[in-house]
Amino acid sequence: MSPARAAALDVLVRVERDRAHAAPLVDARARRMPPREGALLRALVRTTLRHALRLDHVLARSLDRPVASLEAPVRAALRLGAAQLLLMDRVPPHAAVGETVAALKAAAPRAAGLANAVLRRVAATEERPGRVDLGPGAGPIERLSVETSHPLWLVRRWVDLLGEPAARAALEADNADTPVEVLLDPRGEPAADVVARLAAEGLPLEKVAWAPLAYRVAGREAGAHPAIRSGAVAVVDSAAQAMAELVPPADVVVDLAAAPGGKTRCLLATGRARRVVALERHPRRAFRLASNLSSAGRRDEVLAVVADAGRPPLARGRAASVLLDAPCSGTGTLRKSPEIRWRLRPEDLRGFAEVQERLLDAALDLCAPGGTVVYVTCSLEPEENEEVVARVLGRRADAFRARPDAGSLPDPLGAAERGTGLFRVAPGPWNDGFTASVLRRAPGAR
Ligand SMILES: C[S@@+](CC[C@H](N)C(=O)[O-])C[C@H]1O[C@@H](n2cnc3c(N)ncnc32)[C@H](O)[C@@H]1O
């Protein structure tokens, strides 16, 4: 039996049944496999999760009952098999059917016959990506929803928010694989020398314009390269690096929701902060932050604190720069966490907003008069961004939304800014999506 398919089926069932996140489950299993099987496991899980809606439409034609009525392992196996048949060119159809049915046999032996028959029918269909037959009654939003495999409510919302062409581009970007992006941490050496050394060690990097230390790894999975452990580079999306660029330089920056430490590391590597006070509510995640920064050789520059950022154990009104990278729905990260699109409900946004509002109020309290709070989420949704900001600012006469000097903004934030200090960047061919607001506390505030 194919270990990658058995592991993929197990992950897909756990993601659905236990509401688990796919990435850590995949990572843990891939680490124990030969590299080729591990890469296949990653591709199987991400393709199946991303395209679940589209796959269900194809499967429905070969089934005499709704896909939703099947037991979880059977549904997962059918999606997994159909994903290989329809979307993964390099998998031969006999392996897609045979190996997937073999994996299901171990979990649900009595369903193997059904799975075999359905997948053989799918293998024989003419249906291919971009040619999903929805029948005559389907409107353009429904079509976009199925073709890009995103829930209808989210597609409707993004079309309203971004316009149809930009929404389509963002939805398609959520389904594309991108090269790994890293933060280069040259630690006093000229960046060009470090790049040349890494290329000689087998890690070729290409510069990304978004942020000063953002690079793309040319043509390989960077996660396993020894340079990652040596501290010269860290895997950090270029969009995340661009967000850190909005933080005004300061001797000490307070990072209020800091684990696993990607933006903390950006602030230190770019010199925007000499030291960072990094708060994180969850002890395990705080430990991970501390150990990440320590293995990067930056232990002495970070004070990691386990605390609720809504009640920070820090003096009020003292910090010149505060970063709040708030917990959020994550609608800008559907490429890396595809399960979010099937789990999130529009009504969940209110719960995120309540937490965000409490944390943003606390962030403004910590900020010194004349100082800046950068409020960031990896969500595109107005409820979690401008609406939170508007409510908090509505209660406080001492704070306002600021517009950083356009010349100092990283590309493409200058283009994304709408002249108000609000930056919304949709997921793109290279980047995750995010929204950021730059808030100032009035100089004379007490
Ligand atoms: C978006 S992530 C931060 C990512 C991080 N800034 C980075 O770049 O690596 C949000 C973090 O906030 C933490 N968190 C959630 N609620 C919190 C709270 N009330 N106080 C502090 N941290 C919190 C979560 O555990 C999570 O680690």
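About the criteria used
- Residues numbered from 1 in each chain as written.
- Predicted model: local features only at pLDDT ≥ 70, side-chain atom pairs only at ≥ 80, totals over all residues.
- Domains from an automatic or database assignment.
- Helix = DSSP H or I, 4+ residues; strand = E, 2+ residues; numbered from the N terminus.
- Nonpolar A, V, L, I, M, F, W, Y, C, P; charged D, E, K, R; others polar.
- Near = placed C-beta within 6 Å.
- Buried ≥ 20, exposed ≤ 12 C-beta atoms within 10 Å, placed from the backbone.
- Contact = placed C-beta atoms within 7 Å.
- Pairing = 2+ DSSP bridges.
- Axes fitted to C-alpha atoms, helices over the stretch in contact; angles between N-to-C directions.
- Right-handed = clockwise from strand over helix to strand, strands pointing away.
- Core = buried A, V, L, I, M, F, W, Y, C linked by C-beta atoms within 7 Å.
- Parallel < 35°, antiparallel > 145°, perpendicular 65-115°, else oblique.
- Left-handed = near helix turned anticlockwise from the far one by under 90°.

Caption draft 1: Representation of the domain arrangement of the protein chain in the model. Annotation of the protein chain at the domain level lists domain 1 (3-124), domain 2 (140-173) and domain 3 (238-441). Between domain 1 and domain 3, the C-alpha centre-to-centre distance is 36 Å. Of all elements in the fold, only helix 2 (22-30) and helix 3 (35-50) reach the threshold of two or more residues within the side of domain 1 that touches domain 3. The dominant element in the side of domain 1 that touches domain 3, judged by the number of residues it contributes, is helix 3, at three residues. When grouped by side-chain class, the residues that make up the side of domain 1 that touches domain 3 number five nonpolar, one polar and three charged.

Caption draft 2: Structural detail: the site of the ligand. Around the ligand there are 19 residues in total, and A257, G262, R281, A309 and D325 lie nearest to it. Every element with two or more residues in the shell around the ligand is listed here: helix 14 (262-269) and strand 6 (273-280). Counted by class, the shell around the ligand contains nine nonpolar, four polar and six charged residues.

Caption draft 3: Structural detail: the environment of V101. Here V101 lies in helix 6 (residues 93-107). Under the C-beta neighbour-count criterion, V101 is labelled buried, with 22 such atoms within 10 Å. Expressed as a C-alpha distance, the spacing of V101 and L80, which sit 21 residues apart in the sequence, is 9.9 Å. When near neighbours in sequence (up to four residues on either side) are disregarded, V101 contacts A112, A115, N116 and L119.

Caption draft 4: Broad picture of the sheet that holds strand 3 (residues 214-217). If you trace the four strands from one edge of the open sheet to the other, you get 2-3-1-4, paired in antiparallel fashion. Two strands close off the open sheet at either side, each with one partner strand: strand 2 (205-207) and strand 4 (233-235). Each strand axis lies, on average, 40° off the axis of its neighbour in the sheet, ignoring direction. Across three bridges, strand 2 lies against strand 3 in antiparallel orientation. Within strand 3, the position partnered with K207 by the bridge is Y215.

Caption draft 5: Seen up close, unusual backbone geometry. Along the chain, A259 connects to P260 via a cis peptide bond; the corresponding omega equals 5°. For P260, the location among the structural elements is in the loop between strand 5 (250-255) and helix 14. With phi around 55°, R19 is a residue other than glycine that occupies positive phi space. Mapped onto the secondary structure, R19 falls in the loop between helix 1 (3-17) and helix 2. Positioned with a positive phi, S149 is a non-glycine residue whose angle comes to about 55°. Residue position: S149 is located in the loop between helix 8 (140-148) and helix 9 (152-162). S149 gets classed as buried once you count the C-beta atoms within 10 Å, which come to 24.

Caption draft 6: Local environment of the pairing of strand 7 (residues 302-306). One ladder, built from five bridges, connects strand 6 with strand 7; its direction is parallel. Pairing of E280 across the sheet is with V306, part of strand 7. Between the parallel pair strand 6 and strand 7, the chain is carried across by helix 15 (residues 283-295), and the sense of this crossover is right-handed.

Caption draft 7: Geometry of the nonpolar core. Residues L183, L256, V322, L324, A363 and Y375 are the most contacted members of the largest nonpolar core, which totals 92 residues. If you tally residues by element for this core, the top one is helix 17 (residues 348-366), at nine residues. Each of domain 2 (140-173) and domain 3 (238-441) accounts for three or more of the residues forming this core. Dropping the residues within four chain positions of it, L256 is found in contact with L279, A309, P312, V322, L323, L324, L359 and A363.

Caption draft 8: Highlighting the environment of V180. Structurally, V180 can be placed in the loop between helix 10 (164-173) and strand 1 (181-184). With 24 residues separating them along the chain, V180 and R156 place their C-alpha atoms 30 Å apart.

Caption draft 9: A look at the pairing of strand 3. Two strands pair when backbone bridges link them, and strand 1 and strand 3 are joined in this way by three bridges, in the antiparallel orientation. Counterpart to V182 in the pairing with strand 3 is Y215. Linking two consecutive strands that pair antiparallel, namely strand 2 and strand 3, is a turn of six residues.

Caption draft 10: Structural detail: the packing of helix 5 (residues 72-87) against helix 7 (residues 112-124). The geometry of helix 5 relative to helix 7 is characterised by a closest axis approach of 10 Å and an angle of 25° between their N-to-C directions. It follows from the interaxial angle that helix 5 and helix 7 lie roughly parallel. Here helix 5 and helix 7 pass one another in a crossing that is right-handed. Where helix 5 abuts helix 7, its residues V74, A77, L78, G81, A82 and L85 lie against L114, A115, V118, L119, V122 and A123. Residue composition of the contact of helix 5 with helix 7, by class: 11 nonpolar, one polar and no charged.

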